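Observations on the three-dimensional arrangement
Letter by letter, the chains look like this.
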Amino acid sequence: MEFNQEVKLATDPIYKKISKVMPEIEWAVHAPYIHKINKLKKEKNAVILAHNYQTPEIYHGIADFSADSLALAVEASKTSADIIVMAGVHFMAETAKLMSPNKKVLLPDMKAGCSLSSSITGKDVRLLKEKYPGVPVVSYVNTSADVKAETDVCCTSANAVKIVKSLGVKKVIFLPDDYLAKYVASQTDVEIISWKGICIVHDQFNENEIKNIRKNNPGIKIIAHPECPPEVIRASDFAGSTSGMINYVKDNQPKKVMMVTECSMSDNIQVENPNVEFIRPCNMCPHMKKITLPKILDCLENETGEIIMDQETIEKARLSVEKMVAIGR
Ligand code: 13P
Ligand code: SF4
């Protein structure tokens, strides 16, 4: 693919926006893909939904909508496009399909999974329900459709506390993120039965690292994702979903900030927050990073990577996501 005059003219405005986080030599590789994908999207009436952890060339170059998992699920239910390409991981594409069952939903790499989602199956949930009869099940959206089908109500990191409180019960089964379960327990009086799932990205952060960053950067604001270990959250100034973290930076404009999460977050939002200095010990999600421009182009051109689910699973799983969306943020 060639970086010719047509590509340059069409993509220059995007590059101007992101030049601070991407060297020109790298842009010459991405730009032809960006141009081709953006043209193809229009021809096919397709929409690209991207999670906040996607790389800047995807987030700023081709995404029609970039957000956290809750907003991606809502957007999938509203779009008038014929095809949804999910630039994210498998559970996000499945959730989009649940919300828009009549649309073609494509995932550019079927191996883009999630350590939380793969930690639990529908059968595990059925066994838990046998063990704790009558206790409602709240599942994180980072789960398979099979797990969602056994779930009373889903939640994301943006609304986990609100969802659990909304049930008005004394005890809930909260799956599968053990750290998020602890975070919810710390914010409510509800007894939480949890599962030992972890996010391999956020589990790598530790309290000492946070304390050292604070010592070496006086005045820094440290903001963490609730999938981090509880002591990391306690050592931080704010915890929230990926979009919650982005809004914190936009609204507070701290001089220096560390986002205790996946690496692309700081790159993506540096663009709109030029006066904020991002201190970047961060960790990469190997699943999110499986999604690349060449794979997105291939999937859109050949309509590969389609999410297929049986009708019964769709019906059952959708209810738990719809309940969550109705409760909101
Ligand atoms: P958000 O819902 O905060 O976007 O998080 C999704 C995720 O996978 C974080 O690791
Ligand atoms: Fe899953 Fe963690 Fe990657 Fe998010 S960052 S997709 S929770 S493995």
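Notes on the structure in this doc start here. No experiment lies behind these values; they were computed from the predicted model shown.

Overall, the coordinates contain one disulfide when judged by the stated rule. The disulfide partner of Cys 263 is Cys 282, and the S-S distance across this bridge is 2.2 Å. In this structure, the disulfide formed by Cys 263 and Cys 282 twists by about 105° around the S-S bond and is classed as right-handed. With Cys 263 in the loop between strand E11 (256–260) and helix H13 (264–270) and Cys 282 in the loop between strand E12 (277–278) and helix H14 (293–302), the pair connects residues that are 19 residues apart, well separated along the chain. The class for Cys 263 is buried, based on a relative accessible area of 15%. Owing to a relative accessible area of 27%, Cys 282 belongs among the partly exposed residues under this scheme.

This part takes up the site of ligand 1. In the vicinity of ligand 1, the residues found are His 51, Tyr 53, Asp 68, Ser 69, Asn 142, Ser 157, His 202, His 225, Glu 227, Ser 241 and Thr 242. Contact between ligand 1 and Ser 69: an oxygen atom at 2.4 Å from a side-chain N or O atom of the residue. In this structure, an oxygen atom belonging to ligand 1 sits 2.8 Å away from a side-chain N or O atom of Ser 157. Split by residue class, the shell around ligand 1 holds one nonpolar, eight polar and two charged.

Quick look at the pairing of strand E3 (residues 83–87) now. Most of E3 sits out of view: five of its five residues are buried. Bridge count for strand E1 (residues 46–51) against E3 is five bridges, and the pairing is parallel. Bridging across to E3, Ile 48 finds its partner in Val 85. The pairing of E3 with strand E4 (residues 104–106) spans three bridges and is parallel. Residue Ile 84 lies in a different strand from E4, and its bridge partner there is Val 105.

The next point concerns unusual backbone geometry. Residue Pro 176 is reached from Leu 175 by a cis peptide bond, and omega for that bond is -15°. One non-glycine residue, Gln 253, lies in the positive phi region at around 40°. Checked against the element boundaries, Gln 253 lands in the loop between helix H12 (242–252) and E11. Phi is positive for Glu 303, which is not a glycine, with a value near 50°. Within the element layout of this structure, Glu 303 appears in the loop between H14 and helix H15 (311–327).

Moving on to the packing of helix H2 (residues 24–44) against H14. The geometry of H2 relative to H14 is characterised by a closest axis approach of 10 Å and an angle of 25° between their N-to-C directions. Classified by the angle between their axes, H2 and H14 sit roughly parallel to one another. The element H2 and its partner H14 pack so that their crossing is left-handed. Counting all contacts with H2, which are made through His 30, Tyr 33, Ile 34, Lys 36, Ile 37, Leu 40, Lys 41 and Lys 44, the residues of H14 involved are Leu 293, Pro 294, Ile 296, Leu 297, Leu 300 and Glu 301. Here the contact of H2 with H14 is built from residues that sort into nine nonpolar, one polar and four charged.

This part covers the sheet that holds strand E8 (residues 191–194). If you walk across this open sheet you meet the four strands as E6-E5-E7-E8, and the pairing is parallel. Of all strands in the sheet, those bounded by a partner on one side alone are strand E6 (153–155) and E8. On average, each strand axis in the sheet is inclined to that of its neighbour by 30°, with strand direction left out of account. Pairing geometry for strand E7 (residues 171–175) and E8, over four bridges, is parallel. Each residue of the ladder has a partner; that of Lys 171, found in E8, is Glu 191.

A few words now on the sheet that holds strand E10 (residues 238–239). Pairing in this open sheet of four strands is parallel, and the strands run E10-E9-E11-E12 from one edge to the other. Strands with a single pairing partner mark the edges of an open sheet, and in this sheet they are E10 and E12. Here strand E9 (residues 221–224) runs beside E10; their pairing, made up of two bridges, is parallel. Bridge pairing links Ile 223 to Phe 238 in E10.

Criteria and cut-off values
Sequence order as written defines residue numbering, which begins from 1 separately in each chain. Here every chain gets a letter starting at A, and every ligand a number starting at 1, in the order they are written. Confidence filtering applies because this is a predicted model: local features only for residues at pLDDT of at least 70, side-chain atom pairs given and counted only at 80 or more, and all residues used for totals across whole chains, interfaces and linings. Heavy atoms throughout the structure, all of them, feed into the side-chain values; hydrogens and water do not. The disulfide definition used here is simple: a pair of cysteine sulfur atoms within 2.5 Å. The helix count covers DSSP runs of H or I at least four residues long, the strand count covers runs of E at least two residues long, and both are numbered beginning at the N terminus. Think of it in three bands: residues with accessible area under 20% of the maximum for their type are buried, residues over 50% are exposed, and the middle band is partly exposed, with areas taken using a 1.4 Å probe on protein chains only. Whether a residue is near a molecule or strand depends on its heavy atoms: it is near if one of them lies within 4 Å of it. A 3.5 Å cut-off defines polar contacts: any pair of N or O atoms within that distance qualifies, except that in protein one atom must be a possible hydrogen donor and the other a possible acceptor, and neighbouring residues in sequence count only when both atoms are side-chain atoms. Under the convention adopted here, Pro, Cys and the residues Ala, Val, Leu, Ile, Met, Phe, Trp and Tyr are nonpolar, Asp, Glu, Lys and Arg are charged, and Gly plus all remaining residues are polar. Two strands qualify as a pair provided that DSSP identifies no fewer than 2 bridges between them. Comment: axis = line fitted to C-alpha atoms, over the contacting stretch for helices; angle = value between 0 and 180 degrees taken between N-to-C directions. By the definition adopted for this analysis, an angle is roughly parallel if under 35 degrees, roughly antiparallel if over 145, roughly perpendicular if from 65 to 115, and oblique otherwise. In this scheme, a crossing is called left-handed if the near helix is turned counterclockwise away from the far one by less than a right angle; it is called right-handed if the turn is clockwise. Contact definition: two residues touch when any of their heavy atoms are within 4.5 Å.

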